[in-house]
Every structure is written in C-alpha cells, then in structure tokens.
Amino acid sequence: MVFRKLPGVSASGMGLRLSQKFVFLLFLSGLVTLCFGALFFLPDSVRLKRIFLSKTETQPVTVGSGSENDAREAHPKRAKEQERPRAVASAKGETSTKLKSLSRPPAGSHEATAARAPEDRTLPRSRTESASQRATSAARGAAAAPDTFSYRRFKGCLLKPPLGSDSGKPGDPATTERREKVKEMMKFAWDNYKLYAWGKNELRPLTRNGHVGNMFGECGLRGASIIDSLDTLYIMGLMDEYNDAKEWVKSSLDLNSNGEASLFEVNIRYVGGLLSAYYLTGEELFKNKALELGEKLLPAFNTPTGIPRGVINLGSGTSWSWGWASAGSSILAEFGTLHLEFIHLTELSSNPIYTEKVMNIRKVLNKIEKPHGLYPNFLSPVSGNWVQHHVSIGGLGDSFYEYLIKSYLMSDKTDDDAKMMYYSALEAIEANLVQKSPSGLTYMAEWRGGILDHKMGHLACFSGGMIGIGADDGAPDKRQHYLDLAAEITHTCHESYTRSATKLGPEAFRFDAGAEATATRLSDRYYILRPEVIESYMYMWRLTHDPKYREWGWEAVEALEEHCRVESGFSGIRDVYTMTVGHDNMQQSFFLSETLKYLYLLFSDDDLLPLEDWVFNTEAHPLPVVRKSCLQDEATQDKTLAE
C-alpha cells in the first residue's frame, strides 16, 4: 500500500498537533460538564430541565396533587370531560358519581339488595383509600372552593336515601304486582319510542314515527321524551334504558339549536329533567347541560319589567310573546313556573343571577294590584300591568300557584314571601272560585272579569294535591279544612273519570245546565294521557294512606291499558264518552315523566323520593329541598377537618 505524503508536514509535526487536539477536547468536556451541572443544580433551572428530560420519564409527585394524573389514566373518559370548559368547576377532591356497570346481580342476592339503594348504584372509591384520607381530601376541596357546590355535602343533608331502604318496594304482594305492572307500561312505552322515534321529541305510535312539535320549533331542541324519562327510568331501576338515555344526552343533545322554543316547556322538561337526573345520580354531565341551557334562557328576561317573554330562540337569544297571547302579554303559568329550577341553577353555579331573575318576578307581582286578591292570567312584560282579568286554576294559571307553595317547601320552609303569597292567593281562590254543585261536588270555577264560568279543566285537578301538601303549614285552625278541601277536589276529579264510558277524564268538565263533572262540548271530550288527577291521588295517598286513592289509581291503570295502549306505544283518545275510541296518535313525553311516575309512586312505599326531602316540579321531576343551614354546617366541618 502506498501512502501519499502530505506536502510540508513532517511526522514529528503531526504528533504535536494530535496532542493539542487532546488538550482541546479535554478542556471542552470540562466546560460541558460545568454547564450541565449548572443546568441541573441551579434553583431556576426547572423549565430548562423539561427540555432535556424524556417525555416518558416519571415526574416526581408532590403530596396531595398526584391523584389527578392517576385518575386520568384510570378513567380516560373522565379525563376527557375534565379538559372541556365547564360552567362550574367541581371542588378539588370531589369526584363525580358514576353508575355501576349494566350487569345486575341475581334477584334476591345480597348484591341485588344493596344495589337498590341510590348510594350503592355508584362506583366505590379506591379500596386502599382510608377513611381519614377521604375526609381530608374532601375537606381540602371544600376549603379551596367554599362556594362550589358539593354533591357529597348535598347528600349528607338529605334526611333519607332518595330511593328508600328497598327502592320503595311495598310490603304486600298485591300492591307490588300493581307497581310492577306500571313499570312494565313504562318499559313498553320507552321501548317503542326508542324503536320508532329515537331522538325525536315524542312518539306517534299508530304511524310508528317521531314527532317534533311546535313547542321547540322545527329547528329547536330534540329528545324531549328522553330528558323527561331519565329520572323515571332511574327510580324504576330500568338501568339499561337509563344508560341509553344518558348516552344520548352525552352524544346527541344539542343545546345550540337555532330555533324557537317555549321558555316554560324548556324549563320544566329539559332544565328540570337534567337537574333531577343530576341530583339522583351525581352525574356531572347532567349538571353541566342544565347550567348551559339555563344560561341560554336568560335573554328572555331582557324586558322593561324583567318579566320574561314566552318564546326564545336559544341560538340568537331573541325572545317574543306568543302570537295568541293577548296584546303581546306573558302568561302567568309560564313566567310563574321558573322559581324551583332557577333556585337550583344558582345553587349549582353559585351565580345569583338566576335567583335574582325569579325574585324580580315576585317583586313585580307584589307591587301591582290584584283584583279581589286574584292573579289574572295575562301580564304585559312592558308595562307590568294585567292585560285581561281572566283567572284560572287550570290552564294559563295553574302551576304559578303550585310553585308558590313548593318554593316554600323547597326552601326548607324559610321562604316566608312564597308562603305569604300562596296562602293569600288560596284565600282569594276560596272566596271567589271554589264552588259546590247541587249534588255536593266541590270544584274550581274560572273567573272572567267578575263573572264565573262553571268549568273545571283537567289541568286544574292538580290542585287537590297542591292544597294537600300545603295543609300542614297553614293557619292551625285551617289545617284540617285544607286537607278536607284537597280531598273534596280530588273526589270531584275522580268523578269526572267514573262518569265517562272509558273511565278516563275529559280535558274539561262543566257544572251547569244540569251537568256535573262531565264535558258538554265536543271540543272538551278528549284525553291526552294527562297526569293531574293521578298526581293528586299520589299526594293524597301519602298524606292520608286512605286505600281508596290506590284503588282509584288502579282504575286509571286498567283504563289506560284498555283504551290507550296500542300495538306500538300509548296514545291519547278523542272522546272519553264512547267505547269505540279514536286515537290521537301521540305518546306525550309527560306520560313518561308524570303519569307513569306518579302511578309508580302511588304503589310504592313513602320512602321512595320522600316528601321531606323532595319537591316535584310541574313536570314531576324531583328536586331536593335546599337546606342552607345544613350545607353551611357541612362546609364548616370540612374546613375544620382541612385545618
């Protein structure tokens, strides 16, 4: 091999340069070592460390902060939800309650018995977490965010478990069998809705398709039957069906619809249904959806008086009054049926705006003169004056009065303003509207500018239950009187059922021209699966335990089965006075939310959604009593533990 000699470089010169290179490299390595030492040991080097550390290298965890990463790895779905912005952040240390898997233990087993209690339908905490660690974690969360709603504290303030000791299962076999029949009716109605109308608002059972309706607009909200059914499915233990409904809410409930919607219907069905589902299950999904939707309703209150208009576009926020409402007025039963839900929106969000909106409505009503102490059905949202002097305990007025007494009860009997308004209104109703028929039936007439219209609507039949639940808090000398009045009205409404061929009640019945508790006009003879009569049966059973109310409820079940059940669901009928029924092809969402729920509760023990803890909104969605003092005590205890 021949080596070429580099010109001008000797062998000795090459050796010298190699030793210089060695010295240079030695110096350079020392410099690099010095730089890296500074990088890793100087106090302000944390950010630079991240550049050089491997992404997979385990980071050191400080005490009290490592659980978040663990939770994200163990529950990737929950981690995904936490990354989305929320209207209200949950308190540190609080974990959302999750349902158990869909598989259910064998009937009669110890596990099956335990699964009936609501607190046992949730995932247990880590078995390695000690009681003291749980208490400390919860207390730290409460101390860090004292105004944040705590589901754990809320449950601690309930007097009884929501689903009772045995899911409200009655002691006698006959009543248990009747309750199971109602549950079967619910499953039948739900299965057909899911099969033929999934995602639509309601089922048309004869044509086997879905119905949207004009309450939520052609481009408005969808899935009314799903939201209305969430709590019914849950309390009945239909967990597969409940989980299907929950999954639809998660994946398909679009609250950004750009269509008109009834403020009243969105509030009682959607907001009420989501709130109820959250309080029963602890699922954060429902709370977040309720708060998101509640915020979208606020622009309806942008009127000179703060009285909201009846229709709102959830996308644009524009609102207007119903075209049929007299002189652009707002409806008493609509703007007066927001209080329960809005109080809970404030509770969950710590945002007082919802409470301020509904309290302003009271302020306007207390300021204006009321004819004979009565509240007419139409009020101008511009002037704040009554538009017509039409008073009704049925349609257009009904749930305003209901929400007065229920606001008092839901406040743990601290809302004295609601109490005063309710009993004053009831006194005026008794003086002006309560009537006796020649045969002794007690009924609620309507008042039109001082002239009585001797008509009582099916919607007014809720008043038996309303007066009943308010009897105990009236003046001591009137308590028995109110309970008797409640029983008399409920009896009259039962008569409207028994005097029809189908044993179902008409939309309205009259007490004139020789008629008593019967519809005299063809336009009043229909029945659309309404719940109000059964609602009063349920309340009167709870208050008196008179077995006749359960018997009357069973009569209604048999009539519904015979005349309203069709091959693919339940349908209203056009004429209750003929055995050759014509169906209206509509399975109303309130049939699932109210009618079947009230029947199920009627045949259950009283500890299923006990009235000491729960108040039902006008769509039969149970909302908990707000015990401010208890919640504050719990928060104080949490703070003490944290310290």
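Residues numbered from 1 in each chain as written. Predicted model: local features only at pLDDT ≥ 70, side-chain atom pairs only at ≥ 80, totals over all residues. Heavy atoms only, no water.

## Concerning the pattern of salt bridges
1) Next: Throughout the structure, instances matching the rule amount to 33 salt bridges.
2) Next: A salt bridge links E265 to R269; the nearest nitrogen and oxygen atoms lie 2.7 Å apart. Here E265 pairs with R269, and both are found in helix α11 (residues 263-281), just 4 residues apart, close to one helical turn. We note that E265, like R269, is buried.
3) Next: Between E402 and K406 there is a salt bridge, with its nearest N and O atoms 2.7 Å apart. One end of the pair, E402, and the other, K406, are both in helix α16 (residues 398-410), 4 residues apart, so they sit about a helical turn from each other. (Salt bridge = Lys/Arg side-chain N within 4 Å of Asp/Glu carboxyl O. Helix = DSSP H or I, 4+ residues; strand = E, 2+ residues; numbered from the N terminus. Buried < 20%, exposed > 50% of the residue type's maximum accessible area, 1.4 Å probe, protein only.)

## Describing α16
1) Next: With 13 residues, α16 extends 18 Å between its outermost C-alpha atoms, agreeing within 8% with the 18 Å of an ideal straight helix rising 1.5 Å per residue.
2) Next: When you tally the buried positions in α16, you get 13 out of 13 residues, the bulk of the element.
3) Next: Phi turns positive, to about 65 degrees, at D412, one or two residues after α16. (Expected span 1.5 Å × (residues − 1).)

## Structural notes on the layout of surface pockets
1) Next: The volume enclosed by the second largest pocket comes to roughly 1200 Å³.
2) Next: F264, E265, G395, L459 and R530 are the residues nearest the centre of the second largest pocket, which is lined by 45 residues in total.
3) Next: Mapped onto the lining of the second largest pocket, the elements with two or more residues apiece are α11, α13 (332-335), α16, β12 (446-448), β14 (455-457), α20 (532-544) and α22 (589-602).
4) Next: Per-element tally for the lining of the second largest pocket: the top contributor is α11, with 4 residues.
5) Next: Across the lining of the second largest pocket, the residue classes tally to 16 nonpolar, 13 polar and 16 charged. (1 Å grid on protein atoms, 1.4 Å probe; cavity = no way out; pocket = protein on both sides within 12 Å on 5 of 7 lines; lining within 4 Å. Points joined across faces, edges and corners; volume = space filled by probe spheres on them. Nonpolar A, V, L, I, M, F, W, Y, C, P; charged D, E, K, R; others polar.)

## Focus on the nonpolar core
1) Next: Counting 155 residues, the largest nonpolar core has Y401, M456 and I467 as its most contacted members.
2) Next: Looking at this core element by element, the count peaks at 12 residues for α11.
3) Next: The contacts of I467, once residues within four sequence positions are left out, are Y422, L426, M444, Y482, L485, A486 and I489.
4) Next: V311, A325, I331 and F378 belong to the second-largest nonpolar core, a separate cluster that totals 5 residues. (Core = buried A, V, L, I, M, F, W, Y, C linked by side-chain atoms within 4.5 Å. Contact = heavy atoms within 4.5 Å.)

## Some remarks on unusual backbone geometry
For residues that are not glycine, phi is negative in most cases, and the peptide bond is trans in most cases.
1) Next: At A517, a residue that is not glycine, the phi angle is positive and equals roughly 55 degrees.
2) Next: Of note, A517 is situated in the loop between β15 (508-510) and α20.
3) Next: Looking at A517, the relative accessible area reads 0%, which means it is buried.
4) Next: The phi torsion at N585 lies on the positive side, around 65 degrees, for a residue other than glycine.
5) Next: Mapped onto the fold, N585 is located in the loop between β17 (569-570) and α22.

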